[in-house]
Amino acid sequence: FMQHWGTVLTQNEKWVASLSQVALSVGGGVMVYYMIKQSGTTFRNAGLSGRDLCKRDNKRLIPESMGIISGTVFLMVMFLFAGVRFGQHLLSSDKPFPHELFGQLLAALLSISCMLLLGFVDDVLNLKWRYKLFLPTLASLPLLMSHYINHGSTHMSIPMFLWPYMRHCINIGKLYYVYMSLLAVFCTNAINIYAGINGLEVGQSIVIAISIAVFNCLEIPTYLGNIHHLSLCILMPFIATSVALFCHNKYPARVFVGDTFTYFAGMTFAVVGIIGHFSKTVMMFFLPQLLNFVYSIPQLFRLLPCPRHRLPQYNPSTDSLEFSRTTIRTRSLNRHTLLAVRILSSLRLLSAVYVASDPKFDHESTVTINNLTLINLVLYWCGPLHESVLTWMLLFLQVLCTGLAFFIRYSVANYIFSDKPPN
Amino acid sequence: SSMSSNKLLAVFPLTIPLFLVNHLPHDDDVVSIRSQVIMIIALSTIAYFSTDWLIPKITPFLLRANLFGYDINKKGSKEGEKKIPESLGIVPAFVFIVLIILCQSFFYENNQKLVEYNAGLMSICFIVLLGFVDDVLDLPWRYKVILPLIASFPLLTVYANVQGITWIAIPKPLHWLLHESVNLWVFYYVYMSLLSVFCTNSINIFAGINGLEAGQSFLMAVSVVIHNLLQLCFGPEELRGNHLFSVLLMIPFIATTLALLNHNWYPSRVFVGDTYTMFAGMIFAVVGILGHFSKTLILFFIPQILNFLYSIPQLFSLFGYSCPRHRLPSLNVKTRNLMPTDDLNLVNLFLRVFGPTTERSLCLRLLSFQSICCIGALILRYTLAHVFYDSL
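Below is a short write-up of the structure. The model shown is predicted, which means the values in this text are computed figures rather than measured ones.

### A closer look at the overall build of chain B
Along its length, chain B carries 15 helices and 6 strands. A compact globule built from 392 residues would reach a C-alpha radius of gyration of about 21 Å, and chain B, at 21 Å, matches this within 12%. Principal-axis analysis of the C-alpha atoms places the extent of chain B at approximately 60 × 50 × 35 Å. Across the 392 residues in chain B, those meeting the buried criterion constitute 58%. Of the roughly 16500 Å² of accessible surface on chain B, a fraction of 68% belongs to carbon and sulfur atoms.

Shown next as structure tokens:
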């Protein structure tokens, strides 16, 4: 009987693991929902709270950093899953124990838990912004070390149309490790800056996670199927706990997720992309975040002034959000920047209002532009919107971009890359 | 001069392991055991200086975030009014984790040991997270019992898949009752997870005096290293991997703890917080479980066990005892001595038995008791071992 059960398990290992992971994830999600409900006062008393600037009542304290709850429950579910998935090998001793797969899972979980720890420390201690670039690099170290020790490949494949000019894939050596940590830094910070309205951070993460999960399901029958299945099992509890968090964070938000959650989400995506060798596909799912980052570059790199908050402006009389603005003296901008502003505003990518003699700025000439975020741009195009309408619109945009990414990946990619790319 | 005498007290226990390092085997393998140990000592020196440098840098952030406490043992005097930053355990934990992540590549060629190393690190990282969250949010005690249980799961999974031994050796005098060894099946795993819960919480409750938590962990870690080095030098060859694994985790832990003690020893400029006590407890559980010397480890924990047993009536509110938030002695401002209260723990017991004294000498008395117990445990382990068992 044991032998028969053993062979059945070997064939259906993945199914048993997947089904148990679905059950564990649902349990985890329910747990997160109730834990968040009960812990609002604890967080407020500990000083972890913020104010919702987009509401009429912007003095009320809302508990912050609730991402720690969803992150901790995620880790707990993953620990139980590791026992189920790899404990099956005790019963069926046909195949050798998959040390490498288990090692990769451990490295992935280690990176995610380090990021969760560092993210929570950042939320509590309010470290300076330059640490936001350094902390994800530190947290990605376990992945880098695991890759290095397992003699992982540092090759990147070249698109087919460049094949006459170069080799089919180039070995970028140590730069591959730089690429991996930059991926972690980018994913965490891109989600972090594409934020500010209720439910946006969690919502975009859920959409991206579901997209990657669907991609994993499509790729399980291929030769890298084991690792895609592992990535799917990492994303399942992430989706469940994030949905529970979204229930409390969507408009009108009862809790805020904090940097803890955006770090945790970004790192999870970077991690599955790296261990599954599909980081370029993950980047395709990050299209709105990429667009937001590129659009924000002038303000982030101080080519234009960057205020503390670039959130949309709340209008109490219409109960809707309008794009927030920054006023700049034209004298302080060099002519290249002024030209760029003019071009962008004629392309309707920027709202620029010129005032020849502004009384608030010593009667100098000023230009008032919208703060450079995708959220403000959408408000510029669509006019003032209610906060929940805006959030759902942006999430719908995220879904559209996902569809586009799938289209590119599965049709066009076959013309660019010869086979499933190794990265 | 009191600083240098404190430092001398810390250096003295380290001489024994250093003497043993000289006798480590150095003729086998490509990277011999002795050179690996010397390498980890060198790297741990960097960890010591990094932790020592980082602690004052983090302190202002902790004070701003309201993570501070008042020194209850100085209540009534001027020092009792000062805000002391709490949860500084995050600094040695952070430096330790970074060091271990970076170093694993130097020490392990094959996947099997690396997987164990990573699983241990995973459990430690989760516990540090839990400890810091507890320091910030003040979690109820049930979390402190359940979460170390869950944190031990990676250890159990790795143990099941890599070694899977659930047999324990029975002492010779009991061979007539049970056999030579008994298979505990699933109860071995229950025992391992209970060990994690016990180690993390027992250090947590044997606390409250400046430098006690870090001091006891330091002494226990040195004892563990001595045991490991003795086994590496004179023990059977097949067990060497386990003890080397333990040494490579304990030495960075000792280095970062020493740096913390620099700031935490009487009079404390910083408090270690639950972050440190849970971090320390988990490291001991990890090396004990994956290094296969959990019974010896328990011997080193005798003071903590005694403290726990003595505290049971208060912890579980039995026999009409209540469990207050702090079970610490009170300060007599005039004589600057600590006076015992009615609380049931070793700290107050020592004050009742040996008389009131200053905080510093009370801590030294308790740490001497810890040292005596650790030395006694080592003697017990090595002399009586062949009375009870066949091998060393």
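Now that the structure is up, let's keep going.
### What about the environment of Glu79(B)?
Residue and element names in this part refer to chain B. Relative to the helices and strands, Glu-79 is located in the loop between strand E1 (68–70) and strand E2 (83–85). The spacing of Glu-79 and Pro-267 is 188 residues in sequence and 9.3 Å in space, taken between C-alpha atoms. The contact partners of Glu-79, leaving out residues within four places of it in the chain, are Lys-74 and Arg-336. Only 3.3 Å separates the side chain of Glu-79 from the side chain of Ser-77, close enough to count as a polar contact.

### With respect to the interface of chain B and chain A
Facing 41 residues of chain B, the contacting portion of chain A comprises 43 residues. Of the roughly 3600 Å² buried between chain B and chain A, counting both surfaces, carbon and sulfur atoms make up 84%. Joining chain B to chain A, the criterion identifies 0 salt bridges. Where chain B touches chain A, the interface holds 0 residue pairs in polar contact (both at pLDDT 80 or more). Of all the secondary structure elements, the ones that give two or more residues to the side of chain B that touches chain A are helix H2 (33–64), helix H3 (90–107), helix H4 (111–137), helix H5 (141–151) and helix H6 (153–162) of chain B. Counting residues per element, the side of chain B that touches chain A draws most heavily on H4(B), at 16 residues. Here the side of chain B that touches chain A is composed, by residue class, of 34 nonpolar, 7 polar and no charged.

### As for the sheet that holds strand E9 (residues 364–370) of chain A
The strands making up a sheet associate through backbone hydrogen bonding, with each pair oriented either parallel or antiparallel. All names here are of chain A. Taken in spatial order, the 3 strands make up an open sheet running E7-E9-E8, and their pairing is antiparallel. At either end of the open sheet lies a strand with only one pairing partner, and these are strand E7 (325–329) and strand E8 (352–358). Neighbour to neighbour, the strand axes of the sheet diverge by 25 degrees on average, direction disregarded. Where E8 lies against E9, 5 bridges are found, and the strand directions are antiparallel.

Procedures and definitions
Every chain is numbered on its own, with residues counted from 1 as its sequence reads. Labels follow written order: the first chain is A, the first ligand is 1, and so on. Thresholds applied to this predicted model are a pLDDT of at least 70 for local features of residues and 80 or more for the giving and counting of side-chain atom pairs; totals over whole chains, interfaces and linings are not thresholded and use all residues. For the side-chain quantities, the full set of heavy atoms in the structure was used; hydrogens and water were omitted. Each helix corresponds to a stretch of at least 4 residues labelled H or I by DSSP, and each strand to a stretch of at least 2 residues labelled E; elements are numbered beginning at the N terminus. Between the two quantities, the radius of gyration covers C-alpha atoms and the globule rule is 2.2 Å times the number of residues to the power 0.38. Buried, partly exposed and exposed residues are distinguished by accessible area as a fraction of the type maximum, computed with a 1.4 Å probe on protein chains only: under 20%, between the cut-offs, and over 50%, respectively. Each accessible area value is a Shrake-Rupley result obtained with a 1.4 Å probe; residue values ignore everything except the protein chains displayed when judging cover. Here a residue-residue contact requires only that any non-hydrogen atoms of the pair lie within 4.5 Å. Residues adjacent in sequence count toward polar contacts only when both atoms are side-chain atoms; beyond that, a polar contact is any pair of N or O atoms within 3.5 Å, and within protein one must be able to donate a hydrogen and the other to accept it. Buried area is a sum: the accessible area each of two parts loses on coming together, probed at 1.4 Å, counted once for each and added. Think of a salt bridge as a Lys or Arg side-chain nitrogen and an Asp or Glu carboxyl oxygen that are within 4 Å of each other. When residues are sorted by character, Ala, Val, Leu, Ile, Met, Phe, Trp, Tyr, Cys and Pro go into the nonpolar class, Asp, Glu, Lys and Arg into the charged class, and all the rest, Gly among them, into the polar class. Note: two strands are recorded as paired if DSSP finds a minimum of 2 bridges between them. Here the axes come from fitting lines to C-alpha atoms, over the contacting stretch only for helices, and the angles between their N-to-C directions go from 0 to 180 degrees.

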